[in-house]
Amino acid sequence: MQSLLEVFKQKVQEALVTGFGAELANTDPLVTPSTNPKFGDYQSNVALSLPKKLKQAPRKIAETIVANLNVADICETVEIAGPGFINFILKPGYLANLLSEIQGDVRLGIERVQPASKVVVDFSSPNIAKEMHVGHLRSTIIGDCIARILEFRGYDVLRLNHVGDWGTQFGMLIAYLREAYPEALTTANALDIGDLVSFYKKAKARFDQDAEFKETARQEVVKLQAGAEDTRHAWQLLCDQSRREFQVIYEILDIKITERGESFYNPFLPEIINILETQNLLEEDAGAKCVFLEGFTNKDGDPLPLIVQKTDGGFNYATTDLAALKYRIEQDNAKRIIYVTDAGQANHFAAVFQVAEKAGIFPDKIEVVHVPFGLVLGEDGKKLKTRSGETVKLKDLLDEAVTEATRDLKDRLEQDNREESIEFINKVGQVIGISAVKYADLSQNRTTDYKFSYDKMLALKGNTAPYLLYAYVRTQGISRKGNIDFSHLQGAKIVLEEAAELILVKHLLKLGEVIQEVERDLLPNRLCQYLFELSQKFNQFFENCPVLQAEEPQRTSRLILADLSARTLKLGLSLLGIEVLERM
Ligand code: ARG
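Rules and cut-offs
Residues numbered from 1 in each chain as written. Predicted model: local features only at pLDDT ≥ 70, side-chain atom pairs only at ≥ 80, totals over all residues. Heavy atoms only, no water. Pairing = 2+ DSSP bridges. Helix = DSSP H or I, 4+ residues; strand = E, 2+ residues; numbered from the N terminus. Axes fitted to C-alpha atoms, helices over the stretch in contact; angles between N-to-C directions. Parallel < 35°, antiparallel > 145°, perpendicular 65-115°, else oblique. Left-handed = near helix turned anticlockwise from the far one by under 90°. Contact = heavy atoms within 4.5 Å. Nonpolar A, V, L, I, M, F, W, Y, C, P; charged D, E, K, R; others polar. Patch = residues over 30% accessible without salt bridge, like charges linked within 9 Å, V, L, I, M, F, W, Y side chains within 5 Å. Areas by Shrake-Rupley, 256 points an atom, 1.4 Å probe, with all protein chains shown as cover. Salt bridge = Lys/Arg side-chain N within 4 Å of Asp/Glu carboxyl O. Lys, Arg positive; Asp, Glu negative; His and termini not counted. Charge placed at Lys NZ, Arg CZ, Asp CG, Glu CD. Near = heavy atom within 4 Å. Polar contact = N/O pair within 3.5 Å; in protein donor to acceptor, adjacent residues only side chain to side chain. Buried < 20%, exposed > 50% of the residue type's maximum accessible area, 1.4 Å probe, protein only. Right-handed = clockwise from strand over helix to strand, strands pointing away.

S.K.: Go over the sheet that holds strand β4 (residues 85–90), please, and point to the residues and values.
M.R.: Pairing in this open sheet of four strands is antiparallel, and the strands run β1-β2-β4-β3 from one edge to the other. If you trace the sheet from one side to the other, it starts and ends with β1 (31–33) and β3 (75–81), each paired once. Direction aside, neighbouring strands of the sheet carry axes that sit 20 degrees apart on average.

Following this line, the structure appears as structure tokens:
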């Protein structure tokens, strides 16, 4: 279904052509949803942009547009305001027709894109033998949400976990474990990730101090790269160990992702160097091979290099990203490639994209985007740490959210004198706790840092997951109480008279606009804001308009509004990776 925004754009465009001739066919009709409902539902400012071109006063232009507008079926009124703004107010009957149309559609009127082009979303991407940290948590939550939205729109999404599973750290770790804990390299499950992390630290310390050890570690890397069997096997075990730990987090968060780590691109790295060489882009800088960048300078104003091969012949994070980019374009046939990492990697991606472009690795019609996000801060406004000052383990953080949510729930049940089963309490605590963490992250503009606070994210009031989940529960309460099967309301008459009904309905019909916006700008907080406002508008409707007690035809009509609110919330929340509850 065309969104209302698109409908008005088209109408204004048509009026411009009828009123002023075909040369205005490509004029942007400058239609936006009205910021203030006082001025109507949608508005066009196009008349103000045309006086020069048409040599007429804007108000006069607006009059001509309005005289040629074919919106009698859609608008209650069209007004010209001030110097020439055109304000549209929608007709309730038209809104009712649109609602009837989406009522029978599981996709609520949101069309699929054609063709279903390939999109890569590179997200989560923790590092083997290291702990997954809150930055990876943000990447996981935001990346999953973006992938869900694009999948819903019909894109062929490839979710990739670009894990850090390659490089000198493995030589170091394997060399260390050979002396300190050889079983770890031959037996599966001999270590858990906590041990692995502490071994990693010890290995690093040895590496930095002991030249002989450094050499052994280097040889292990060579063996790993050459595919020596025992080193490979050891590496595999280390990767499996970490993988299992990551999987625990993915299961809690309901994340589906395909692992394709840095090691996957190892065979393609020499080719990247070749390409850069043939394109005359390579330069030597203190023995390292690099490409000098445009627009990146050090503090003396000299151009900065992107190093693609170190003095010892080893390749870099950037080299792998160049190879990955090439592979995703040529083999995966991706048309859009989205990287979700912390804002600290913005320069890395800008540099990689620049070099890839110069080297002809990515053609113009392909879009590559870095989706940066800010830090997760503790309530003290500093980088999130445990009380003892250590980095927070994700598993602990999520468990704590569930524990707090369950505690709140129990308090609430006690206050209301409600008896519920253990299963109910566990399930609801789990869903609220995890949703709260996800929603707190997604509802912030991702580019800013955000403060992690259990109290705030678990509050029943405000822009929080529990508030939205509760609005959904209210909709289900109506059907339970009235013993109503929402799916049987199909085709009944919709009557819209009360202000609260109209406000709710107009909002319901904006879902498509919002989804398109998120698809373009990759800002999930817009969808959160939409769902928050939907919950507020539903609550206002519910408080102002009796539903089960109303007379027909209002009763059925309002039930339809409740059902559509429920389905919109459920769909929207599912796109955020949040499951709804029937009761809570
Ligand atoms: N492993 C990296 C990190 O932990 C993130 C990888 C992001 N993806 C990429 N293609 N570089 O910071």
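S.K.: Any chance you could break down the packing of helix α16 (residues 465–481) against helix α19 (residues 524–544) for me, citing the residues and the numbers?
M.R.: For the pair α16 and α19, interaxial distance at closest approach is 9 Å and the crossing angle is 40 degrees. On the basis of their axis angle, the class for α16 and α19 is oblique. Between α16 and α19 lies a crossing whose hand is left-handed. Every residue of α19 that contacts α16 at Tyr 467, Leu 468, Ala 471, Arg 474, Thr 475 and Ile 478 is listed here: Leu 531, Phe 532, Ser 535, Gln 536, Phe 538, Asn 539, Phe 542 and Glu 543. Classifying every residue of the contact of α16 with α19 gives eight nonpolar, four polar and two charged.

S.K.: Could you give an account of a negative patch on the surface, with specific residues and numbers?
M.R.: The grouping of Glu 379, Asp 380, Asp 408, Asp 411, Glu 414 and Asp 455 at the surface amounts to a negative patch. Counting residues per element, the negative patch draws most heavily on helix α13 (residues 394–415), which supplies three residues. Counting through the fold element by element, Asp 411 comes out in helix α13.

S.K.: Which residues make up the site of the ligand, and what values do they have?
M.R.: Close to the ligand lie Asp 122, Ser 125, Asn 127, His 136, His 162, Tyr 317, Asp 321, Tyr 339, Thr 341, Gln 345 and Phe 349, which account for all nearby residues. Ser 125 places a polar main-chain atom, nitrogen or oxygen, 2.9 Å from a nitrogen atom of the ligand. At 2.8 Å, a side-chain N or O of Tyr 317 approaches a nitrogen atom of the ligand. Compared with its free state, where it exposes 350 Å², the ligand has 90% of that area covered by protein. Elements with a contribution of two residues or more to the shell around the ligand: α11 (317–330) and β11 (334–342). Its residues assigned to classes, the shell around the ligand shows three nonpolar, six polar and two charged.

S.K.: Outline the pairing of β11, listing residues and values.
M.R.: Of all nine residues in β11, seven are buried, a share of seventy percent or more. Bridge analysis of strand β5 (residues 118–122) against β11 gives five bridges, and the strand direction is parallel. Bridged to Lys 118 within β11 is Ala 334. In the sheet, β11 pairs with strand β12 (residues 367–373) via seven bridges, with the strands oriented parallel. Bridge pairing in β12 places Asp 342 opposite Phe 373. In this fold, β11 hands off to helix α12 (residues 346–358), which returns the chain to β12; that crossover is right-handed.

S.K.: Explain the side chain of Ser 535 to me, and be specific about the residues and the numbers.
M.R.: You can see Ser 535 is positioned in helix α19. Here the side chain of Ser 535 touches Leu 531 through a polar contact of 2.9 Å, landing on its backbone oxygen. Excluding residues within four positions of it along the chain, Ser 535 makes contact with Tyr 467, Leu 468, Ala 471 and Leu 569.

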